[in-house]
Amino acid sequence: MKILFLGTGASDWDPTCDYDNPEYRRNASALIDDVLLIDPGPCVQDALNTFNIDVKKIRYVINTHTHADHFDEDTLEFLTANGAEFIEFSSGEVKKIGEYEISSLKGNHKIPVNHFIISDSKSSIFYGLDSAWLMYDEVEEIIKHSPIDYAVFDGTIGFIEGDYRIFEHSSLNMIIMMKNTLEKYIKEFCISHMAKTLHTGHDELAAEMRKYGIEVAFDGMENIIQRRKGERVIGFNSEFTVN
């Protein structure tokens, strides 16, 4: 699978793009294989234009939750008018969409939020923004049933201590603790959804997180995710071997 980050910012970034600011982040959204869009937020149309993405290739749209930086009616209308299908999820649902199996898992946020495990025949991505920590059942689902090649976590709060938003978003210290716990089961770790007011610049942040083996996403970053043949992914009570 290929993941393209259309936006990597939290809600305190102005959705009116500031092209003069090299640190600017659009509201968080991602595109899988050019066909599956996660979160039709207000910056999506600009991102598609900026990164030369043909909107008519987008076939499916899914949504983590309905906060305004992740869900915009005008954006959704634009996408569906160009042929995309909007597919709604409730936590706990598993749906086969095209070549993908998508599992929706409950996150810990102010309003109901979906995290997604997106799998095809070659690889699996976990996309889990806007959440404090992970839910116990969510971890069980990841580790016992889904070998994860690439995981995108919520990095909203930065290294700020004493911020009340840790009850619905994750700090970088929380991310590091989760990475240390889950690194036996998840191959690669990445953060997105960085708040403008709670982070340093991208280069400084990326250098710091690199010490912990965690990638920091930026707008326009693209990664190819593919499990290596014969690779074993070990869960608490199970093992997976890629044939």
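Residues numbered from 1 in each chain as written. Predicted model: local features only at pLDDT ≥ 70, side-chain atom pairs only at ≥ 80, totals over all residues. Heavy atoms only, no water.

**Looking at the nonpolar core**
The tendency in soluble globular proteins is for nonpolar side chains to be buried side by side.
Consideration 1: If you look at the biggest cluster of nonpolar residues, it comprises 27 residues, and the most contacted ones within it are Ile3, Ile32, Leu36, Ile62, Ile102, Ile118 and Tyr150.
Consideration 2: Put simply, the parts of the chain that give this core at least two residues each are β1 (2-7), β2 (29-32), β3 (36-38), β4 (60-62), β7 (100-106), β8 (114-119), β9 (124-128) and β10 (148-154).
Consideration 3: Excluding its chain neighbours within four sequence positions, the residues that come into contact with isoleucine 118 are Met1, Ile32, Leu36, Ile38, Ile62, Tyr100, Glu101, Ile102, Ser123, Ser124 and Ile125.
Consideration 4: Within the second largest apolar cluster, 23 residues are counted, among which are Ile117, Phe126, Ile175 and Ile176. (Core = buried A, V, L, I, M, F, W, Y, C linked by side-chain atoms within 4.5 Å. Buried < 20%, exposed > 50% of the residue type's maximum accessible area, 1.4 Å probe, protein only. Helix = DSSP H or I, 4+ residues; strand = E, 2+ residues; numbered from the N terminus. Contact = heavy atoms within 4.5 Å.)

**Remarks on unusual backbone geometry**
Consideration 1: If you check the backbone angles, aspartate 34 has positive phi at about 65 degrees while not being a glycine.
Consideration 2: Its place among the elements puts aspartate 34 in the loop between β2 and β3.
Consideration 3: Accessibility expressed as a relative area gives 18% for aspartate 34, which makes it buried.

**Here's the deal with the sheet that holds β2**
Where strands meet in a sheet, backbone hydrogen bonds hold them as pairs that are either parallel or antiparallel.
Consideration 1: Spatially, β5-β4-β3-β2-β1-β13 is the arrangement adopted by the six strands of the open sheet, whose pairing is mixed. Single-partner strands in this sheet number two, and they are β5 (85-86) and β13 (222-224).
Consideration 2: Sheet analysis places β1 next to β2, joined by four bridges and oriented antiparallel. Paired with isoleucine 3 across the strands is isoleucine 32, a residue of β2. (Pairing = 2+ DSSP bridges.)

**Thoughts on the sheet that holds β8**
Consideration 1: Read from one edge to the other, the open sheet built from seven strands follows the order β6-β7-β8-β9-β10-β11-β12, with strand pairing classed as mixed. On the outer flanks of this sheet lie β6 (94-97) and β12 (214-216), each paired with one strand and no other. Adjacent strand axes in the sheet meet at a mean angle of 20 degrees when their direction is disregarded.
Consideration 2: Direction of pairing for β6 relative to β7: antiparallel, over a ladder of four bridges. Paired with lysine 96 across the strands is glutamate 101, a residue of β7.
Consideration 3: Those strands touched by helix α4 (residues 172-182) are β10, β11 (186-192) and β12, and its axis lies near 170 degrees from that of β11.
Consideration 4: Of the strands in this sheet, β11 and β12 touch helix α5 (residues 202-210), which is tilted by about 170 degrees from β12. (Axes fitted to C-alpha atoms, helices over the stretch in contact; angles between N-to-C directions.)

**Structural notes on the packing of aromatic side chains**
Working definition: an aromatic ring pair is given by the centre-to-centre distance plus the angle between the planes.
Consideration 1: The tally for this structure, following the rule as stated, stands at five aromatic pairs.
Consideration 2: Judged by centre distance (5.7 Å) and plane angle (85 degrees), the rings of tryptophan 13 and tyrosine 24 are edge-to-face. With a gap of 11 residues between them, tryptophan 13 in the loop between β1 and β2 and tyrosine 24 in the loop between β1 and β2 connect regions that are remote in the sequence. The pair tryptophan 13 / tyrosine 24 is uniform in exposure class, with both members buried.
Consideration 3: Taking the centre distance of 6.0 Å and the plane angle of 45 degrees together, the rings of phenylalanine 71 and phenylalanine 86 count as tilted. (Phe/Tyr/Trp six-rings, centres within 6.5 Å; stacked < 30°, edge-to-face > 60°.)

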